[in-house]
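Spelled out, the chains give:
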Amino acid sequence: MLADRWTDLLDPSIEEIEAHLPQGVHLSALEQLNRPSHHDDDPRPKLEAHGEYVFGVLLIAVVGDGGEVFYQELNLIMSRDRLLTIRKSPANGRAPYNIEDAQLSCRSSDSAGMVIYHLVDDIAERYLDLIDRLDDAIEELEDGIESWEPDRVRKRIAQLRHDMLQIRRTLSPIRDMLRQVVDDRIEFDGEEVFTRDVELCFAAAYDKMLRASDGLELSRDLVASARDYAQAKIANDQNDVMKRLTVIASVLLLPTFIVGLYGQNFVKMPELHWQWGYGFSWGLIVVTTIGQVAFFKWRKWV
């Protein structure tokens, strides 16, 4: 039975961990297993052989409802015939990693190594789904650049860039960890840990992580393009504003000149004593203003 070879614990106490821990596990590994998930120094994903057991740390990046990225942590200890997995709940009451899909993929005859494959394959699928969600968010951003306020666009771009950097922190180490298994670089005192059929399965999970990594890089390029487009739009909008202000200043230039000319109050200015002088100045102002506006519209400057 698979239950005889695989024990899964959720947020266990130190006593529960010690009760199911294989013999000969280093104290440092026990400290890692007992460390809470929500701490300042997040561990890096890894899979390491130590004598007669393999110690692993897996982190699954998840985007919460509020758009923030958090991690679900899964630790594992594998001996030659047994597997212990420990799931840790993230901070703020978030859900821990759900192993149901991986459990359904396992068969009762699967070895401990094959169970680890099903776990990492499920995690790889989750990363692919996460990249798809990022692409949907980027598409929404691109559609919103024309209609959203610039501050909202700026904040959304900054959030997406931050999320992708956080995801990359875990995706790349997991990809490299799977490559170690595929290359048969993890051994029990000189003996292979994973059989050939298990290594071939890990190669499929490795390909999925490669796709996720390539998709993440493409998403970063798309966000950079959206940022450049948003900056170009802001610059173009500023140019339109400056053009309108220049047109207004130009339209007011001639009326200001006319008013300043007749405001000099020289005695020998004939229009000052002409009964139609006031109306003439207003007419001159109106005609020159209309002429300038018509000229600007003809040149398509406004």
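Fair warning: this is a prediction, and the values are worked out from it, not measured in the lab.

**Q** I'm lost on the overall build of the protein in this one. Help?
**A** What the protein contains, in helices and strands, is seven helices and seven strands. When the helices and strands of the protein are read in sequence order from the N terminus, they spell out β-α-α-β-β-β-β-α-α-α-β-β-α-α. Here the C-alpha atoms of the protein give a radius of gyration of 34 Å, more than 25% beyond the 19 Å that 2.2 N^0.38 yields for 302 residues. Projecting the C-alpha coordinates of the protein onto the three principal axes gives extents of approximately 115 × 35 × 30 Å. Taking all 302 residues of the protein together, the buried fraction comes to 41%.

**Q** It is not clear to me how the confidence of the model for the protein should be interpreted in this structure. Could you clarify?
**A** Detailed reading of the predicted coordinates is not advisable wherever pLDDT falls low. In the predicted model, the protein carries a mean pLDDT of 85, and 95% of its residues have values of at least 70. Mean pLDDT across the secondary structure elements of the protein bottoms out at helix 2 (residues 27-34), with 71, and peaks at helix 4 (residues 112-144), with 92.

**Q** Looking at this model, I keep getting lost on the packing of aromatic side chains. Mind explaining?
**A** Between two aromatic rings, the relevant description is the distance of the centres plus the angle of the planes. One pass over the structure, following the stated rule, counts four aromatic pairs. Considering the side-chain rings of Phe194 and Phe202, the 5.2 Å spacing of their centres and the 55° angle between planes classify their relative orientation as tilted. Here the aromatic rings of Phe295 and Trp298 are separated by 6.0 Å at their centres, their planes lie at 45°, and the arrangement is tilted. Of this pair, Phe295 and Trp298 are both found in helix 7 (residues 277-298), three residues apart, which corresponds to roughly one turn of the helix. A network of ring pairs unites the aromatic residues Tyr117, Phe194 and Phe202 as a single cluster.

**Q** Got a minute to help me understand the packing of helix 4 against helix 6 (residues 196-262) in this structure?
**A** Helix packing for two helices is described by the angle between their axes and how far apart those axes are. Between helix 4 and helix 6, the least distance of the axes is 9 Å, while the angle of their chain directions is 15°. By the angle between their directions, the pair helix 4 and helix 6 is classed as roughly parallel. Like other packed secondary-structure pairs, helix 4 and helix 6 cross with a definite hand, here left-handed.

**Q** Can you walk me through the pattern of salt bridges in this structure?
**A** If the charged atoms of two oppositely charged side chains come close together, the side chains can form a pair. Under the defined criterion, the tally for this structure stands at 16 salt bridges. The residue Glu125 makes a salt bridge to Lys208 at a minimum N-O spacing of 2.6 Å. With Glu125 in helix 4 and Lys208 in helix 6, this pair connects stretches of sequence that are 83 residues apart. Classification of Glu125 by relative accessible area gives partly exposed; the value is 31%. The salt bridge partner of Arg175 is Asp176, with a shortest N-O separation of 3.4 Å.

**Q** Could you clarify how one ought to interpret the nonpolar core in this entry?
**A** The tendency in soluble globular proteins is for nonpolar side chains to be buried side by side. Counting residues in each nonpolar core, the largest one holds 63 residues, and the members touching the most others are Met78, Tyr127, Leu178, Phe194 and Phe202. At the level of elements, strand 3 (53-63), strand 4 (69-78), helix 4, helix 5 (150-182) and helix 6 are the ones that each hand at least two residues to this core. No other element matches helix 4, which puts 17 residues into this core. Residues within four places of Met78 in sequence aside, it is in contact with Glu52, Tyr53, Val54, Leu83, Ala112, Gly113, Ile116, Phe188, Val193 and Phe194. Val25, Ala29, Leu84 and Ile86 belong to the second-largest nonpolar core, a separate cluster that totals 13 residues.

**Q** Explain the environment of Ile157 here, please?
**A** Turning to its location among the elements, Ile157 is positioned in helix 5. In the structure, Ile157 is positioned 43 residues away from Met114 in sequence and 40 Å away in space, judged by C-alpha atoms. Not counting chain neighbours up to four residues away, the residues in contact with Ile157 comprise Leu141, Val223, Ala226, Arg227 and Ala230.

**Q** I tried to follow a nonpolar patch on the surface on my own but got confused; where do I start?
**A** Among the surface-exposed residues, Val241, Met242, Leu245, Ile248 and Leu252 lie close enough to one another that they form a single nonpolar patch of about 480 Å² accessible area. With respect to the helices and strands, Ile248 occurs in helix 6. Under the relative-accessibility criterion, Ile248 is labelled partly exposed at 48%.

**Q** In this structure, what is going on with the pairing of strand 4? I would like to understand it.
**A** Regular strands place side chains that alternate from one sheet face to the opposite one. Extensive coverage of strand 4 is indicated by the burial of ten of its ten residues. Residues Val69, Tyr71, Glu73, Asn75 and Ile77 of strand 4 are buried on one face, and the alternating residues Phe70, Gln72, Leu74, Leu76 and Met78, pointing to the opposite face, are buried as well. Bridge count for strand 3 against strand 4 is ten bridges, and the pairing is antiparallel. Following the sheet pairing, Val62 is matched in strand 4 by Phe70. Where strand 3 hands over to strand 4, the hairpin turn is made up of five residues, of which Gly67 adopts a positive phi near 90°. In terms of strand pairing, strand 4 meets strand 5 (residues 83-88) through six bridges, oriented antiparallel. Pairing of Met78 across the sheet is with Leu83, part of strand 5. Between the antiparallel neighbours strand 4 and strand 5 lie four residues.

**Q** How should the environment of Thr289 be read in this particular structure?
**A** Examined against the element boundaries, Thr289 turns out to sit in helix 7. Linking Thr289 and Val251, residues 38 residues apart in sequence, is a C-alpha distance of 5.9 Å.

Parameters at a glance
Residues numbered from 1 in each chain as written. Predicted model: local features only at pLDDT ≥ 70, side-chain atom pairs only at ≥ 80, totals over all residues. Heavy atoms only, no water. Helix = DSSP H or I, 4+ residues; strand = E, 2+ residues; numbered from the N terminus. Rg over C-alpha atoms; globule rule 2.2 N^0.38 Å. Buried < 20%, exposed > 50% of the residue type's maximum accessible area, 1.4 Å probe, protein only. pLDDT = per-residue confidence, 0-100. Phe/Tyr/Trp six-rings, centres within 6.5 Å; stacked < 30°, edge-to-face > 60°. Axes fitted to C-alpha atoms, helices over the stretch in contact; angles between N-to-C directions. Parallel < 35°, antiparallel > 145°, perpendicular 65-115°, else oblique. Left-handed = near helix turned anticlockwise from the far one by under 90°. Salt bridge = Lys/Arg side-chain N within 4 Å of Asp/Glu carboxyl O. Core = buried A, V, L, I, M, F, W, Y, C linked by side-chain atoms within 4.5 Å. Contact = heavy atoms within 4.5 Å. Patch = residues over 30% accessible without salt bridge, like charges linked within 9 Å, V, L, I, M, F, W, Y side chains within 5 Å. Areas by Shrake-Rupley, 256 points an atom, 1.4 Å probe, with all protein chains shown as cover. Pairing = 2+ DSSP bridges.

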